[in-house]
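Observations on chain architecture
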Amino acid sequence: MRARLLISSAVEAELRRLGVEPPAGGVRLERPANPDHGDWSTNVALACAKAARRAPMELASQLATALSSTPPAHVRAVEALRPGFVNFRLSPSWLWEVLPAVVADREESYARLDLGRGERVQIEFVSANPTGPLHVGNGWWGAYGDSLARVMERCGYETTREYYVNDTGGQIRRLGESVLARRRGEPVPEEGYQGAYVRELALEYDGTEDATPAGRFAAERILENIKATLASLGIVYDSWYSQASIEETGKVGETISLLAAAGLVEEREGATWLLSTKLGDTRDRVLVKSNGDATYLAGDLAYHRDKFLVRGFDRVIDVFGADHHGQVASLVAGVSALGVDPGRLEVKLGQMVSLVEGGTTGKMSKRSGNFVALDELIADIGPDATRLLSLISGIDQATTLDLDLVRRQSMENPVYYVQYAHARIASIGRVATERGVVRVPLDQADLSTLVHPRELELLRLLDSLPDALADACTTRSPSRITSWVRDLAGAFHGFYHDCSVLGPDISDDLSQARMWLVEASRVGFAIGLELLGVNAPEAM
RNA sequence: GCCCCCGUAGCUCAACGGACAGAGCAACGGACUUCUAAUCCGCAGGUUGCAGGUUCGAUUCCUGCCGGGGGCGCCA
C-alpha cells in the first residue's frame, strides 16, 4: 500500500515537471495480469496523451527515463512499453513491509476503511412474506444483504439490517383460510397455501373460525422459523419492521396527503391514483382502491417515508427478488414525490436461483408448496457451504444450483478448499506448540528470507485486500471478497506444499519468517471469512 | 409490445475500459517415510451469442438483432 502511494506521487510529480497535468483522481497504479509487466503499472501516459498533445509512447518513455534515474523506494526498474504503459519492477522489500502492517493491525484493524464516513445506511433484505418457509433464493439474497452490510460496516458505514414483515393484508387472510380449511379437514382454497406446514399449524391452532386471527397466528409461527433459519446462516437483523404498524396507524393517510399536497394524486374511477407518470414511471398507480383499502404501494411509500424522513437514514438499499422488479419504478417515483433525492435509494434486484435435482429443474412456488426449502439445503450441505455458494456470483447473475453435485461435499463445493487452508494454518500452530517452537517478536524476525514466489504471492494478495474490500463496497458486490478469499486459499495451499515452515531442513530464520507469514495469512482469512459470514475451522 | 438482468472453456462462474480473457469442477498424466493429499504440479480446453459504433485499446461503454430468465394487477 505504502510503496504504491510513493510511486504514484512520484509519477505525478514527474508529470508536472514534464508540463502535463495529471488526471483529476491522481495517478492510478494497477497490478498487471502478466507478471512480465512488472509489479505495478500505470496507464497515465495513454490517458493524458491527448489532452497534453503528446505521443503516448514518447511520454511514457520520458517518464520511465526520469523515474529510473531517481527511483522511488523499492523500485528496481521502470520501463515504458508498447502503447504507452509505464511498468515498475520492485524489489521484494516492498512486500516485506506488508507483513508487519497486517499482523500489527490484526483482523480488527487491517483493511478497515473509511469510505462511508459514518453515513447511516439501512439495508433491507429478504423480507419474505411470513406465509411459508424461506426458499433457497431467500437464502441467496439474504447472504448477499448480510455480507454487504458487513462489507459496508468495515468501510465506515453505519449499517442497519432490516426485515420488513408483511404481517397484514390479503395474504395473511388467505393463510388463515388455509389453516382453517385444514383444521376442518377440507382441501385448502384455490388461492390458499398448500404446503405441509399449513397442516401442522392447523393442528396447533385452537382459535376461532375467523381467518384474520388464524392467519396472524400462523404468520407469527412461520416468522419464528424464518428467524431461526436466517440465524443459522449467521444473519441477524437489527430490526423486524411490521407492515401492520405502518398500515394500521395513520402513516399511510399522512403519506397520501403529502403526495396530494405535491399535486401528484388524482381521484379516478372511484380510486385514488399516484400520478407517477410525471416522475418517470411507465404508468400511474393506484394508492387507494375503490373499496377503500390502501394498496401495497401506498404502504410501501409510507414505509419508505418512515425510513428516510422519520428515521433519517442517509441511504437505503433494498434487496428484492427480480420478480419484484415491477414495483421499482413506482417506488422510486413515489420516493422522489415525497421530496427525497432518489439517489439515496438503491434497489438491488437479486436474479432468480433455480435448482436442478436428478436432472430436472424445479420451479419454486410457495402457494403450490412445491419448492426447496432453505432449511433443507442447509441441512444437506451446512450453513457455511450455503453462504459461500451464494456469494460466489454477483447478485445480477441468475444461478443454477445442482443439488446432487453440491450434496456430495465434493470439490464442487469451494467452501472446503478455503476452510481447509485455514485448518492447515491452525495445524501448523498446533505442531509448533507440540515441538516447543515459539515465534520470536516480529521485529526480530528476518523477513528478507521470504523470497520464494509462493511467499511473495501470499504477501501480494494480503496487500490487495484493502483494494478488494473497497471495490466490494463501492460496487455493492460482496462476491469480490469471495474471489479474494479463494485466491488467498489457492496461494496458501501452494505455499504449504512448497514451503515447509517447521521442517528439519529449514533454517531458524526462515522458519520464524514463515511463521509470521502464516500468521498474516490467518489474519487475511479471518477478515475475509468474517465478511462472508463463513466459519474458519481450526481442524477438518 | 414495453421494462430489468444475463449470454465468456464440456459444467459452474471470474475478470477498476488495459497488455496474451482467468479459476474451480469434470477428462487425461504425474507427486504422499514430511506442518492434514479435502492438497500440489502438468496437459488440454475460447471467433467472450451476432453485426456495427465510440476509443490508442472493448468481455466491459453505445445502437440494433438473436437467445435465455424475470416483470408489466384496484395481488402482496
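Above this text you will find the structure in question.
All figures in this text were calculated on a predicted structure; none of them were measured in a lab.

**Brief notes about the environment of G215**
Looking at where G215 falls in the secondary structure, it is placed in helix α9 (residues 211-232). Along the primary structure G215 and T168 are separated by 47 residues, whereas in three dimensions their C-alpha atoms are 8.9 Å apart. Beyond its immediate stretch of four places on either side in the chain, G215 contacts I172, L175 and G176.

**Observations concerning unusual backbone geometry**
Look at R117: it is not a glycine, yet its phi comes out positive at around 50°. Along the polypeptide, R117 turns up in the loop between α5 (98-109) and β5 (120-124). With a relative accessible area of 69%, R117 lands in the exposed category. With a phi close to 65°, V126 is a non-glycine residue in the positive phi region. The residue V126 is located in the loop between β5 and α6 (136-154) in this model.

**Examining the sheet that holds strand β4 (residues 85-90)**
An order of β1-β2-β4-β3 is seen for the four strands of this open sheet, with the pairing classed as antiparallel. At either margin of the open sheet sits one strand with a lone partner, and together these are β1 (29-30) and β3 (75-81). The sheet contact formed by strand β2 (residues 40-42) and β4 spans three bridges and is antiparallel. If you follow S41 over to β4, its bridge partner there is N87. Against the sheet, helix α3 (residues 56-69) contacts β3 and β4, and its axis sits at roughly 165° relative to β3.

**Considering the packing of aromatic side chains**
Taken as a whole and assessed by the stated rule, the structure comprises 11 aromatic pairs. For the pair F492 and F495, a centre-to-centre distance of 5.6 Å together with 55° between the ring planes defines the contact as tilted. Taken together, the residues span about one helical turn, with F492 and F495 both in helix α19 (residues 479-498) at a distance of three residues. You'll find F492 and F495 in the same group, each marked buried. Ring centres 6.4 Å apart and planes at 40° place the aromatic pair F492 and Y496 in the tilted group. One end of the pair is F492 and the other is Y496, both in helix α19 and four residues apart, which spans about a single turn. The structure contains a cluster of three or more aromatic residues connected by ring pairs, namely F125, Y163, Y237 and W240. A cation over an aromatic ring shows up here: R268 above the ring of W273, its NZ or CZ 5.0 Å from the ring centre. Geometry around W516 places R439 over its ring, the cationic atom sitting 4.3 Å from the centre.

**With respect to helix α7 (residues 170-183)**
The terminal C-alpha atoms of α7 lie 20 Å apart, and with 14 residues this matches the ideal 20 Å at 1.5 Å per residue to within 8%. Among the residues making up α7, those that are buried are Q171, I172, L175, G176, S178, V179, L180 and A181. Buried residues belonging to α7 abut α8 (196-204) and α9. Just past α7, the residue G185 takes up positive phi, approximately 80°.

**Considering the packing of α7 against α9**
Here α7 crosses α9 at 95°, and the two axes come no closer than 7 Å. Accordingly, the angle class assigned to the pair α7 and α9 is roughly perpendicular. In contact with I172, R173, L175, G176, E177, V179 and L180 of α7, α9 contributes A211, T212, A214, G215, R216, A218, A219 and I222. Among the residues forming the contact of α7 with α9, the class breakdown is nine nonpolar, three polar and three charged.

**A closer look at the sheet that holds strand β8 (residues 265-268)**
Spatial strand order, β8-β9-β10: three strands in an open sheet with antiparallel pairing. Edge positions in the sheet fall to β8 and β10 (285-288), since each of these pairs with one other strand and no more. Here the average twist between neighbouring strands, direction ignored, is 45°. Of the pairings in the sheet, the one linking strand β9 (residues 271-274) to β10 comprises three bridges and is antiparallel in character. When the bridges of β10 are listed, T272 appears paired with V288. Where helix α12 (residues 296-310) meets the sheet, it contacts β9 and β10, and its direction lies at approximately 80° from that of β10.

**Observations concerning the nonpolar core**
F88, L99, I123, Y163, L401, F492 and F525 are the most contacted members of the largest nonpolar core, which has 134 residues in total. Non-local contacts of L401, meaning those with residues more than four positions away in its chain, are made with V136, W140, S354, L355, V356, L377, L389 and V406. Listed in part, the 27 residues of the second largest apolar core include I246, V252, L331 and L349.

**Some points on the pattern of salt bridges**
Pairing of side chains with opposite charge becomes possible as their charged atoms draw close. Tallied over the full model, the rule gives 40 salt bridges. Residues R183 and E209 are paired through a salt bridge, measuring 3.1 Å at the closest nitrogen-oxygen approach. Here the residue R183 occupies a position in helix α7, and E209 occupies one in the loop between α8 and α9, the gap between them amounting to 26 residues. You can call R183 partly exposed: its relative accessible area is 31%. Residue E209 is classed as partly exposed on the basis of its relative accessible area of 46%. A salt bridge links R221 to E204, with the nearest nitrogen and oxygen atoms 1.9 Å apart. Note that R221 is positioned in helix α9 and E204 in helix α8, a separation of 17 residues in sequence. Residue E204 is classed as partly exposed on the basis of its relative accessible area, which comes to 40%. Salt bridges linked by common partners bring R106, E107, E108, R439, E519 and R522 together as one network.

**With respect to α3**
Given a rise of 1.5 Å per residue, 14 residues ought to cover 20 Å, and the 20 Å separating the end C-alpha atoms of α3 matches this to within 8%. Along α3, the positions that sit buried rather than exposed are L59, A60, L63, A64, A66 and L67.

How each quantity is defined
- Residues numbered from 1 in each chain as written.
- Chains lettered and ligands numbered in written order.
- Predicted model: local features only at pLDDT ≥ 70, side-chain atom pairs only at ≥ 80, totals over all residues.
- Heavy atoms only, no water.
- Helix = DSSP H or I, 4+ residues; strand = E, 2+ residues; numbered from the N terminus.
- Contact = heavy atoms within 4.5 Å.
- Buried < 20%, exposed > 50% of the residue type's maximum accessible area, 1.4 Å probe, protein only.
- Pairing = 2+ DSSP bridges.
- Axes fitted to C-alpha atoms, helices over the stretch in contact; angles between N-to-C directions.
- Phe/Tyr/Trp six-rings, centres within 6.5 Å; stacked < 30°, edge-to-face > 60°.
- Lys NZ or Arg CZ within 6 Å of the ring centre and 35° of its normal.
- Expected span 1.5 Å × (residues − 1).
- Parallel < 35°, antiparallel > 145°, perpendicular 65-115°, else oblique.
- Nonpolar A, V, L, I, M, F, W, Y, C, P; charged D, E, K, R; others polar.
- Core = buried A, V, L, I, M, F, W, Y, C linked by side-chain atoms within 4.5 Å.
- Salt bridge = Lys/Arg side-chain N within 4 Å of Asp/Glu carboxyl O.

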